[in-house]
Amino acid sequence: MDLLTKMIQKIKDWILDEPKDKKQFFKAIWSTVKLAFFVNIVVIILTWIFGLKISPRNGTGETNIFEWKFPLEIISSVGIEEFLFRWLPVAITYESGFGVIGKIIVGVLSSGIFGYLHGGISHIFLQGAHGFISYLLFLKTSNMGKNHLKGFSATFLEHLIFNIISILIVIITGGKTI
């Protein structure tokens, strides 16, 4: 087996091993948060090494994180993004009878769009990578799309935790906007 085939098989095995209880469910969420931060750090380091620019996010740094409406904006945007870029693609592929590989291909496409909408081509690799990791979590926790609400709950929590930690990093480093 070549490296790509082994990677695909490992992803398939991980996805098909649905969490059996709450402890495994929350462990999958926390593992995904950690993996998303690791991947983001690697992508940022690679962009520095190769001299690539990551353009500002679509918010362009004008959203004040200390305004009263900010928590509502974060929660609603996470909900909308998880519905559009995780729930809908998984539901469509489940209802259409796609296999694991077909669902992964749709996940790559959905995540690329997710990343692009966060700030353009360069964000396909940053937010798009996080989106794909979340998509895999949705597949894993929803039993390949059989339980959409469970998958949505997992990716909603993961995305919210990821954003809260990111915002705390902004605050700790003296930022006031994102």
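Here goes a summary of the coordinates provided. (Residues numbered from 1 in each chain as written. Predicted model: local features only at pLDDT ≥ 70, side-chain atom pairs only at ≥ 80, totals over all residues. Heavy atoms only, no water.)

## Examining a nonpolar patch on the surface
Residues Leu35, Phe38, Ile41, Val42, Ile44, Ile45, Leu46, Trp48, Ile49, Phe50 and Leu52 make up a contiguous nonpolar surface patch of about 1100 Å² in total accessible area. Classification of Leu35 by relative accessible area gives partly exposed; the value is 42%. (Patch = residues over 30% accessible without salt bridge, like charges linked within 9 Å, V, L, I, M, F, W, Y side chains within 5 Å. Areas by Shrake-Rupley, 256 points an atom, 1.4 Å probe, with all protein chains shown as cover. Salt bridge = Lys/Arg side-chain N within 4 Å of Asp/Glu carboxyl O. Buried < 20%, exposed > 50% of the residue type's maximum accessible area, 1.4 Å probe, protein only.)

## With respect to the environment of Thr32
As for its position among the elements, Thr32 is in helix H2 (residues 22-49). For the pair Thr32 and Gln127, spaced 95 residues apart in the sequence, the C-alpha separation amounts to 14 Å. Not counting chain neighbours up to four residues away, the residues in contact with Thr32 comprise Trp14, Ile133, Leu137 and Glu158. (Helix = DSSP H or I, 4+ residues; strand = E, 2+ residues; numbered from the N terminus. Contact = heavy atoms within 4.5 Å.)

## Some thoughts on the packing of helix H3 (residues 70-95) against helix H5 (residues 123-141)
Packed helices, taken two at a time, are described by the angle their axes make and the gap between the axes. H5 packs onto H3 with a crossing angle of 50° between their chain directions and a minimal axis gap of 10 Å. For the element pair H3 / H5, the angle class is oblique. Like other packed secondary-structure pairs, H3 and H5 cross with a definite hand, here right-handed. Taking contact as the criterion, the partners of Phe85, Arg86, Trp87, Pro89, Val90 and Thr93 in H3 are, on H5, Gly131, Ser134, Tyr135, Phe138 and Leu139. (Axes fitted to C-alpha atoms, helices over the stretch in contact; angles between N-to-C directions. Parallel < 35°, antiparallel > 145°, perpendicular 65-115°, else oblique. Left-handed = near helix turned anticlockwise from the far one by under 90°.)

## Considering the packing of aromatic side chains
Applying the stated criterion to the full structure yields 6 aromatic pairs. With centroids separated by 5.9 Å and ring planes inclined at 25°, the aromatic side chains of Phe152 and Phe156 adopt a geometry described as stacked. With a gap of 4 residues between them, Phe152 and Phe156 both fall in helix H6 (residues 148-172), about one helical turn apart. Classification of Phe152 as buried rests on a relative accessible area of 18%. A network of ring pairs unites the aromatic residues Phe83, Trp87, Phe152 and Phe156 as a single cluster. The positively charged end of Arg86 is found above the aromatic ring belonging to Phe114, 4.4 Å away from the centroid. The ring of Trp14 has Lys140 lying over it, and the distance from NZ or CZ to the ring centre is 4.6 Å. (Phe/Tyr/Trp six-rings, centres within 6.5 Å; stacked < 30°, edge-to-face > 60°. Lys NZ or Arg CZ within 6 Å of the ring centre and 35° of its normal.)

## Points about unusual backbone geometry
Despite not being glycine, Asn143 shows a phi value in the positive range, around 60°. Here Asn143 lies in the loop between H5 and H6. Of note, the phi angle at Met144 is positive, near 65°, even though the residue is not glycine. Relative to the helices and strands, Met144 is located in the loop between H5 and H6. Of the residues examined, Met144 reaches a relative accessible area of 10% and is grouped as buried.

## Details of the nonpolar core
Ranked by internal contacts, the top residues of the largest apolar core, which has 18 residues, are Ile15, Ile74, Ile104, Leu136 and Leu139. No other element matches H5, which puts 5 residues into this core. (Core = buried A, V, L, I, M, F, W, Y, C linked by side-chain atoms within 4.5 Å.)

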